[in-house]
Amino acid sequence: MRVAVDAMGGDYGPDEIVLGAFQAAQEYEQEGIEIVLVGDQAQIIQALDRHGKWKERNITVQHASEVIDMHDSPGAAVRKKKDASVVVATGLVKQGHCDVVISAGSTGGAVAAALFGLGRIKGIERPAIATPIPNLIGTTVLLDSGANVDSKPKHLVQNAIMGSIYAEYVLNIPRPRVGLLNIGEEESKGNEQAFTTYPLLTQLNSVNFIGNVEGRDIPKGTVDVVVCDGFVGNIVLKFGEGLASAILQLLKQSIKSSSLWTKMAAMLIMPTLKGLKKKLDYAEYGGAPLLGVNGGFIICHGSSRAKAIKSAIRVAKEFTEQEVVAHIRETIAKEGIVTNE
């Protein structure tokens, strides 16, 4: 298995990206995984040299002279910057040299590179980002979390199919419960988009649709896959990240300003608090797959450091081993959804 990593993307590329890839190469050395770091060759090699004998690992470097940054128009940048790291990395998958791409760069640029470079699965009109969110009992997959901000009901139906497959094959959730994000559980609730989507989801044979769900159902774990458009999904995701961070910060401040006895008690529950922090840390989950394109593509948080990149390579490994793209292709065909817009 070969994983192409966009080494220049994100807030901390290439140093942290390279370090995460190096650590993953160490961990998966016995499993035959090769990592191809794509970007400015001189900078990548300089970063690799700081981490030891990288040439003995399954790591190679593919030079790319350009970078798509956050201020670029995604579609225009992909067309203009043919030698951008994310474009070159995507090309490696298209050409069959690699199995999956990982990028922490511009989400818009990543989605555009995947669409232009890999194309869509037949029957999928718009791809979706499937983001895992920790809940009280496990994980809930939210999609779309930002790839497509203006979704039609048919796009949400496709999201439901793809999210269900990802939850089943990668997260090992048998017959995952799929819910439509809404302002109430009643079938008649919601805007026109939700009202129109609901009956379409009930007609799917491959999806265990449980009806409308509300935002509070995500952390409670009463649903395994939540379907919404990318505008709403991204807001839900960013709010959840901010809330988790704020709660941990408030807890820390409260302990610091408390009495000696409270501080001593806090020391006793420190292992529990560290476990909580680990569960809420996005770096543990690595990246979110872009579902619906003809190839593996994992999108990471823009502020990803080495730990998140290492975790993303694990996600890429599981995604490829479980043949998620093939399962989506087969299920879409069985459902009779076989025409692209």
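Going by the structure above, here's the rest.
To keep things clear, this report deals only with the structure shown in the data block. Source: prediction; values computed, not measured.

Bringing the overall build of the protein into the picture now. Counting its secondary structure elements, the protein contains 13 helices and twelve strands. Radius of gyration (C-alpha) of the protein: 21 Å, near the 20 Å computed for a compact globule of 341 residues. Principal-axis analysis of the C-alpha atoms gives the protein an extent of 65 × 60 × 40 Å. Looking at the protein as a whole, 49% of its 341 residues qualify as buried. A separation of at least 24 residues holds for 74% of the contacts in the protein among residues at least 6 apart in sequence. Carbon and sulfur atoms make up 54% of the accessible area of the protein, which amounts to about 16000 Å² in all. Taking the 35 positively charged and 37 negatively charged side chains of the protein as two groups, their mean positions are separated by 4 Å.

What follows covers the environment of Val315. Within the secondary structure layout, Val315 lies in helix α12 (residues 306-321). The class of Val315 is buried, set by a relative accessible area of 4%. Between the C-alpha atom of Val315 and that of Pro199, which follows or precedes it by 116 residues, the distance is 33 Å. Those residues in contact with Val315, other than ones at most four positions away along the chain, are Tyr166, Tyr285, Gly287 and Ile298.

Turning our eyes to something else, we now look at the sheet that holds strand β4 (residues 100-103). An order of β3-β2-β1-β4-β12-β11-β5 is seen for the seven strands of this open sheet, with the pairing classed as mixed. Of all strands in the sheet, those bounded by a partner on one side alone are β3 (59-63) and β5 (128-129). Both strand β11 (residues 287-291) and strand β12 (residues 296-300) contribute to a ladder of three bridges, which runs antiparallel. When the bridges of β12 are listed, Gly287 appears paired with Cys300.

Attention now moves to the packing of helix α1 (residues 15-27) against helix α2 (residues 41-49). Viewed as axis vectors pointing N to C, α1 and α2 meet at an angle of 55 degrees, and their least axial separation amounts to 9 Å. Compared by their axis directions, α1 and α2 come out oblique. The interaxial crossing formed by α1 with α2 has right-handed handedness. Here α1 contributes Asp15, Val18 and Phe22 to the contact with α2, which in turn contributes Ile44, Ala47 and Leu48. For the contact of α1 with α2, the per-class residue count stands at five nonpolar, no polar and one charged.

Each value, and the rule that gives it
- The residue numbering used here restarts from 1 in each chain and proceeds along that chain's sequence as written.
- Totals for whole chains, interfaces and linings use all residues, but because this is a predicted model, local features are given only for residues with pLDDT of at least 70 and pairs of side-chain atoms are given and counted only at 80 or more.
- Computation of side-chain values: all heavy atoms of the structure, hydrogens and water removed.
- Where helices and strands are cited, they refer to DSSP runs of H or I of at least four residues and of E of at least two residues respectively, numbered from the N terminus.
- In this treatment the radius of gyration is a C-alpha quantity, and the globule benchmark scales as 2.2 Å times the residue count to the 0.38 power.
- Any residue under 20% of the maximum accessible area for its type is buried, any over 50% is exposed, and the rest in between are partly exposed; the area is computed with a 1.4 Å probe on protein chains only.
- The contact criterion used is simple: two residues touch if any of their non-hydrogen atoms lie within 4.5 Å.
- All accessible areas in this document rest on Shrake-Rupley with a 1.4 Å probe, and a residue is counted as covered only by the protein chains that are shown.
- This count recognises Lys and Arg as positive and Asp and Glu as negative, with His and chain-terminal groups excluded.
- Throughout, a charge is located at the NZ atom of Lys, the CZ atom of Arg, the CG atom of Asp or the CD atom of Glu.
- Two strands make a pair as long as DSSP finds a minimum of two bridges between them.
- Fitted lines through C-alpha atoms serve as axes, helices being fitted only where they are in contact, and the angles separating the N-to-C directions of these axes extend from 0 to 180 degrees.
- Orientation labels follow simple angle bins: below 35 degrees gives roughly parallel, above 145 gives roughly antiparallel, 65 to 115 gives roughly perpendicular, and whatever is left gives oblique.
- Two helices crossing with the near one rotated counterclockwise from the far one by less than a right angle form a left-handed crossing, whereas a clockwise rotation gives a right-handed crossing.
- In the scheme used here, Gly and all other residues not listed as nonpolar or charged are polar, with Ala, Val, Leu, Ile, Met, Phe, Trp, Tyr, Cys and Pro taken as nonpolar and Asp, Glu, Lys and Arg as charged.

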